[in-house]
There are 2 protein chains.
Amino acid sequence: MDSDYGVPRELSDLQKKRTLYQPEIPPCLEGTTVRVEFGGGTTAADPAGAHVISQAFPHTYGQPLAHFLRTTSKVPNAQIITERPSIRVGVVFSGRQSPGGHNVIWGLYNALKVHNTNSVLLGFVGGTEGLFAQKILKITDEVLSSYKNQGGYDLLGRTVDQIRTIEQVNAAKAACEALKLDGLVIIGGVTSNTDAAQLAETFAESKCPTKVVGVPVTLNGDLRNQFVEANVGFDTICKVNSQLISNVCTDALSAEKYYYFIRLMGRKASHVALECALQSHPNMVIFGEEVTASKLTLFDITKQISNAVQARAEQEKYHGVVLIPEGLVESIPELYALLQEIHGLHGQGISAEKISTHLSPWASALFQFLPPFIRKQLLLHPESDDSAQLSQIETEKLLAHLVENEMKKRTKEGTYKGKKFNAICHFFGYQARGSLPSKFDCDYAYVLGHICYHILAAGLNGYMATVTNLKSPVNKWKCGAAPTTAMMTVKRWSRGPGISPIGKPAVHPASVDLKGKAYEYAF
Amino acid sequence: MDSDYGVPRELSDLQKKRTLYQPEIPPCLEGTTVRVEFGGGTTAADPAGAHVISQAFPHTYGQPLAHFLRTTSKVPNAQIITERPSIRVGVVFSGRQSPGGHNVIWGLYNALKVHNTNSVLLGFVGGTEGLFAQKILKITDEVLSSYKNQGGYDLLGRTVDQIRTIEQVNAAKAACEALKLDGLVIIGGVTSNTDAAQLAETFAESKCPTKVVGVPVTLNGDLRNQFVEANVGFDTICKVNSQLISNVCTDALSAEKYYYFIRLMGRKASHVALECALQSHPNMVIFGEEVTASKLTLFDITKQISNAVQARAEQEKYHGVVLIPEGLVESIPELYALLQEIHGLHGQGISAEKISTHLSPWASALFQFLPPFIRKQLLLHPESDDSAQLSQIETEKLLAHLVENEMKKRTKEGTYKGKKFNAICHFFGYQARGSLPSKFDCDYAYVLGHICYHILAAGLNGYMATVTNLKSPVNKWKCGAAPTTAMMTVKRWSRGPGISPIGKPAVHPASVDLKGKAYEYAF
């Protein structure tokens, strides 16, 4: 399974068949006479934050929406792009690999070459670290050939997934200048797109000619707002996970002796869990958003699951499937507060081994109450975006453990008279993340890649490629671009009298809408 | 996802399409004029055990092989079956659910009905417990309709998976007599088929008219011998797991920061791991059979993996995929010995909490050396066949933990200068076990179901349904039956001077052949 970047690799029969699929593009992107049309200037969705954002992004805030259209339609104010000079573009993977990511590069490459065969596409090898180190791979037909419609990010790889510190930003700028890039395309989720917007602003400010474009690629499905309907990878992940969850449901019904606790990827938001629940009909799903909204404690959730187990036992049912979003651990108030303390201590340079002795009395009490395996996981160093290492924290095991104890307690007290509760825990993460992309993700990614070219050809900076009307067939898709700053919000919180800190403007993950139809259907 | 036995259930679109597939059967089983031809009497493969087996199975040992053929071919000594009286047959799932199991019942049902519409098929609800309690579901077209070509065992369920104690055997006999069964079909792996053979002998001895037939259905793929080429479920499990392992390989290549340790189902033998390795090309596989043959200790295996990690680090590679068969824990000599002691103490009625204080000095030292999570798992009560609860023992985590410590040690000593070793552990068990069966498993199971009918119609007892020439297309498959006693072996071992106990005759799991071609190809 080893590969070296850029060397054509051996494919399985299935992978070979995959490479033969030519993704569809909507008519508006066909040919070489795509024109761009601009809407009015944009503002941030939250008016209260608009001022902060406009101050932080003086060069890139308030830019207009862009729409890419066929030249046949006649609209006033349309800027018809006819000149197609050759351009040099760099592309980098940033953030968790999502099925379909390779097709963004393929779409971008094809659009570049269709408009001018002299245009050059450079891939940064090894993610953002490769960008800083100027490690490049020239994208060619041959290089692409074995990555079309394939999963993973292994064409280029990924690493630290951030362009944030002054050193990192300077290194990125140096790379863009040294390589004479007209454009830099950053493929990633909410944090990578926030970084992309910041980079665009910095470049504009410092007169670096490279334009920065973001692409919404994240299996978490949480980069959603008034401009972005869906993210590349989400469709695949939900389909693959739902199939596996359905298998486990079948298994549970066959042996009738286990409760399966399945943790799903998806970061802070529970979109993956919601979509998988709609597709696979498990017995129970715990949504992080619901836990937050109702301020449910670990004890409340344990009681909820235990009550469901007890109710099922009364119907002679001793099996079931419970879905747990990986972000749940940060939604449970007391665990979140504990994690905040631990991360604060990490920030002070205190080693993981010694953190437990520095915790406040209440945090220490909670920490000691938790089983050892989870303590070790909570002590892990936070990720680059300051969140906990969610993929490493086995919340499903913690809940299964607490429910087991609760059922034992009820048995002892005589309030539960059913059979022993047996749980089996699973984490469905990496096996879905590396899977072959669905048709939707193949098409969507490829179209977004095309749009990136048109954004750069129009000389736009600080934009994200967007497609709307995604529920319709590809030929009805609408292609455009929106300034990333228009998707930003500013978080406020109060930590005491007189102190009301304001967060940095950022693209924040969208939560599951507890009043939305999808959530309603799930119950 | 809840269901009640026998009530038609709602299917997904995919499941609905699945029910439309009509499995193929070879020409020899077509129509109503199948004839049986007998070969010479069989003996056990191991002549040394033959005497013990013939003494233990006086009524069912030495029976001839049976072949089912088309009536068109003219062979002397062929007994042409023309009378087709209606018969009553019971069927029970015993052992781990394997994809395709439902099709055995479907094939059996269709063969019964084709030959006499008055024949009756009764399914035992809830596995062997349902057999003992005479909980039946009459199989009808309607009942079957939503289970054709579907995964799982949820049409009937399964439970304790054994018919062994005097009480169990008597209960099974009482059920067969009360329900006036002409035949009892037991669907399962090595232990269930050993039980089936014992039951056949007991029935013959006690003049119970019910004939007992076994079917080789086990995802472990370890019920192989001179008569049995393959087991229902194995093909599916290996395909589904290989796809998931390939996804993880893609993921490893993309982020390049993790070693994935993946534990695979398969019980004592490593067939699943071997087949998956051939299909998915991971970086490393640890075979239980190799560990046994080379008497590798936990320390040896840790060193082996660590050396591979170090060699890869020297090539700047910090990722990889390692496959671990679940049975490995019983192949490592010192862990096996520890498990034997623990199980012995369980047998003496000592509770899990107190076992650690009763261990011998060396076992206690090993036990204390192991991390707490694995200690808890090793203390679990053994399964009904006296083996450890392999699905619950996280050998992959133990190895990842030991390799991590070893790499830290080497770093400290200065012999390893690479980056930190990071492992992520997965157990690929239940998500594959519940999956939709492959075309091969759909066909194979359906054909075996047909053969069960012909075995019973021929009045045979203590046989297993067999198909040979499985590598050819279905129309070339050869159908037959072999006495299960001919597949038995007797294990001998010596525990000290003068003591040389002899095990009970049993169908034993076949190991991976370390001199075989498949193993050779994997390296």
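Residue positions are given per chain, counted from 1 along the sequence in the order it is written. Working convention: letters from A go to chains and numbers from 1 go to ligands, in the order in which they are written. For a predicted model such as this one, the threshold for reporting local features is a pLDDT of at least 70, and the threshold for listing and counting side-chain atom pairs is 80 or more; totals across whole chains, interfaces and linings nevertheless cover every residue. Side-chain figures throughout are based on the complete set of non-hydrogen atoms in the structure, without hydrogens or water.

Draft legend 1. Here's a closer look at the pairing of strand β6 (residues 183–188) of chain B. Residues and elements named next belong to chain B. A simple rule labels every residue: compare its accessible area, found with a 1.4 Å probe on the protein chains alone, to the largest value its type can have, and call it buried under 20%, exposed over 50%, or partly exposed in between. Strands here mean DSSP runs of E at least two residues long; helices mean DSSP runs of H or I at least four residues long; both are numbered from the N terminus. Along β6, 6 of the 6 residues are buried, which leaves the element largely enclosed by surrounding structure. Where burial is concerned, the two faces of β6 agree: the one with G183, V185 and I187 and the one with L184, I186 and G188 are both buried. Relative to β6, strand β3 (residues 88–93) runs parallel, the two sharing 5 bridges. Bridge pairing links V92 to I186 in β6. Looking at chain direction, β6 and strand β7 (residues 211–216) are connected through 6 bridges and run parallel. Of the residues in β7, the one forming a bridge with I187 is V215. By convention, orient the strands away from the viewer: a clockwise path from the first strand over the helix to the second makes the crossover right-handed. Considered for its hand, the β-α-β crossover made up of β6, helix α7 (residues 190–205) and β7 is right-handed. When DSSP finds two or more bridges between two strands, those strands count as paired.

Draft legend 2. Geometry of the packing of aromatic side chains. Pairs were defined over the aromatic rings of Phe, Tyr and Trp, the Trp ring being its six-membered one, requiring ring centres within 6.5 Å. Orientation was assigned from the angle between planes: stacked under 30 degrees, edge-to-face over 60, tilted for the rest. With the rule as written, the count across this model stands at 22 aromatic pairs over all chains. Here Y444 of chain A and W477 of chain A contribute two aromatic rings whose centre-to-centre distance is 6.2 Å and whose plane-to-plane angle is 85 degrees, an arrangement assigned as edge-to-face. You can see Y444 of chain A sitting in helix α19 (residues 439–457) and its partner W477 of chain A sitting in the loop between β12 (463–468) and β13 (478–483), a full 33 residues away along the chain. By the burial criterion, Y444 of chain A is buried, and W477 of chain A matches it. Every member of this aromatic cluster is reached through a ring pair, and the members are Y258 and Y260 of chain A together with F427 and Y430 of chain B. The residue whose ring lies beneath R9 of chain A is Y147 of chain A, and the NZ or CZ to ring-centre distance is 3.8 Å. In this analysis the charged atom, NZ for Lys or CZ for Arg, is taken to sit over a ring once it is within 6 Å of the ring centre and within 35 degrees of the ring normal.

Draft legend 3. Just the UniProt feature "domain: Phosphofructokinase" (unreviewed entry) in chain A, in detail. UniProt positions are given in the numbering used here, feature names are shortened, and annotations may be inferred rather than shown by experiment. Taking the numbering used here, the UniProt-annotated feature "domain: Phosphofructokinase" (unreviewed entry) corresponds to residues 88–453 of chain A. Taken end to end, residues 88–453 of chain A has its terminal C-alpha atoms 10 Å apart, with 52% of it in helix and 13% in strand.

Draft legend 4. Expanded view of the domain arrangement of chain A. All names here are of chain A. For the domains described, the bounds stem from an automatic or database domain assignment. Considered domain by domain, chain A is made up of domain 1 (86–233 + 437–485) and domain 2 (235–433). Joining two parts hides part of their accessible area as seen by a 1.4 Å probe, and the buried area is that hidden amount summed over both. Summed over both sides, the interface between domain 1 and domain 2 buries roughly 1,400 Å², with carbon and sulfur atoms accounting for 50% of that surface. Considering only the surface of domain 1 that becomes buried against domain 2, R96, L219 and N220 emerge as the three largest contributors, covering 39% of it. Any carboxyl oxygen of Asp or Glu that lies within 4 Å of a side-chain nitrogen of Lys or Arg is treated as forming a salt bridge with it. Joining domain 1 to domain 2, the criterion identifies 1 salt bridge. The closest approach of N and O atoms between E326 and R96, which form a salt bridge, is 2.9 Å. Each polar contact in these results corresponds to two N or O atoms within 3.5 Å; when the atoms are within protein, one needs to be able to donate a hydrogen and the other to accept it, and residues that are neighboring in sequence are counted only if both atoms are side-chain atoms. The tally of links between domain 1 and domain 2 comes to 7 residue pairs in polar contact (both at pLDDT 80 or more). When its residues are assigned to classes, the side of domain 1 that touches domain 2 shows 5 nonpolar, 7 polar and 7 charged. For this scheme, ten residues count as nonpolar: Ala, Val, Leu, Ile, Met, Phe, Trp, Tyr, Cys and Pro. Four count as charged, namely Asp, Glu, Lys and Arg, and the remainder, Gly too, count as polar.

Draft legend 5. Layout of the relation of the copies chain A and chain B. Only residues with pLDDT of at least 70 in both copies count here: their C-alpha atoms drive the least-squares fit that superposes the copies. Superposing chain A onto chain B requires a rotation of 180 degrees together with a translation of 0.0 Å along the rotation axis, leaving an RMSD of 0.0 Å. On the angle and the small slide along the axis, the relation comes out as a two-fold axis. When the interface residues of chain A are mapped onto chain B, 100% of them are again interface residues, pointing to one common binding face. Whether two residues are in contact is decided by their heavy atoms, any of which lying within 4.5 Å being enough.

Draft legend 6. The pattern of salt bridges, seen in detail. All told, the structure shown has 36 salt bridges over all chains when counted by the stated rule. Put simply, E406 of chain B and R410 of chain B hold a salt bridge, and the shortest N to O gap is 2.7 Å. A residue pair is termed a helical-turn pair when its members lie 3 or 4 positions apart in one helix, as E406 of chain B and R410 of chain B do in helix α17 (residues 395–413) at 4 residues. For the pair shown, E406 of chain B and R410 of chain B are each scored as buried. Overlapping salt bridges, with partners in common, bring together E394 and K397 of chain A together with E394 and K397 of chain B in one network.

Draft legend 7. Quick peek at the interface of chain A and chain B. Listed per partner, the contact involves 47 residues of chain A and 47 residues of chain B. Here chain A meets chain B over a buried area of about 4,000 Å², counting both sides, of which 47% is carbon and sulfur. There are 4 salt bridges connecting chain A and chain B. K397 of chain A is paired through a salt bridge with E394 of chain B; the nearest N and O atoms lie 2.8 Å apart. Remark: the boundary between chain A and chain B carries 16 residue pairs in polar contact (both at pLDDT 80 or more). Every element with two or more residues in the side of chain A that touches chain B is listed here: α8 (234–255), β11 (423–428) and α18 (430–433) of chain A. The element best represented in the side of chain A that touches chain B is α8 of chain A, accounting for 11 residues.

Draft legend 8. Fine view of α7 of chain B. Residues and elements named next belong to chain B. Here α7 is 16 residues long and its end C-alpha atoms lie 23 Å apart, about the 22 Å a rise of 1.5 Å per residue gives. V190, S192, N193, T194, D195, A196, A197, L199, A200, E201 and F203 are the residues of α7 that are buried. Looking at the packing, one finds that the buried side of α7 touches α2 (47–56), α6 (166–178), β6, β7 and β12 (463–468). Just downstream of α7, K207 is the residue with a positive phi angle, here 60 degrees. To estimate the expected span of a helix, count its residues, drop one, and scale the result by 1.5 Å.

Draft legend 9. Just unusual backbone geometry, in detail. All names here are of chain A. Phi angles above zero are rare outside glycine, and H281 is one such case at about 50 degrees. By the secondary structure assignment, H281 is in the loop between α9 (271–280) and β9 (284–285). A relative accessible area of 52% means that H281 is categorised as exposed. The backbone of N469 sits at a positive phi, close to 65 degrees, despite the residue not being glycine. Relative to the assigned elements, N469 resides in the loop between β12 and β13. The class of N469 is partly exposed, set by a relative accessible area of 30%.

Draft legend 10. A look at the environment of L328 of chain B. Residues and elements named next belong to chain B. The topology assignment puts L328 in helix α12 (residues 328–331). The exposure class of L328 is buried, given its relative accessible area of 0%. For L328 and E396, which are 68 residues apart along the polypeptide, the C-alpha to C-alpha distance reads 9.5 Å. Leaving out residues up to four positions away in the same chain, L328 has contacts with I286, F287, G288, V291, T395 and L399.

Draft legend 11. Representation of the layout of surface pockets within the structure. Estimates place the volume of the second largest pocket at around 1,600 Å³. Here a cavity is any set of points on a 1 Å grid over the protein atoms alone where a 1.4 Å probe fits but cannot get out, and a pocket is any open set with protein on both sides within 12 Å along at least 5 of 7 lines; a residue lines the site when it has an atom within 4 Å of a point. In terms of lining, the second largest pocket is formed by 45 residues, of which the most central are S12 and L14 of chain A together with S242, Q243 and S246 of chain B. Every element with two or more residues in the lining of the second largest pocket is listed here: α1 (13–19) and α8 of chain A together with α1 (13–19), α8 (234–255) and α9 (271–280) of chain B. Broken down by element, the lining of the second largest pocket gets its largest block of residues, 11 residues, from α8 of chain B. For the lining of the second largest pocket, the class distribution of residues is 14 nonpolar, 22 polar and 9 charged. Grid points are joined across faces, edges and corners, and a volume is the space filled by probe spheres set on the points.

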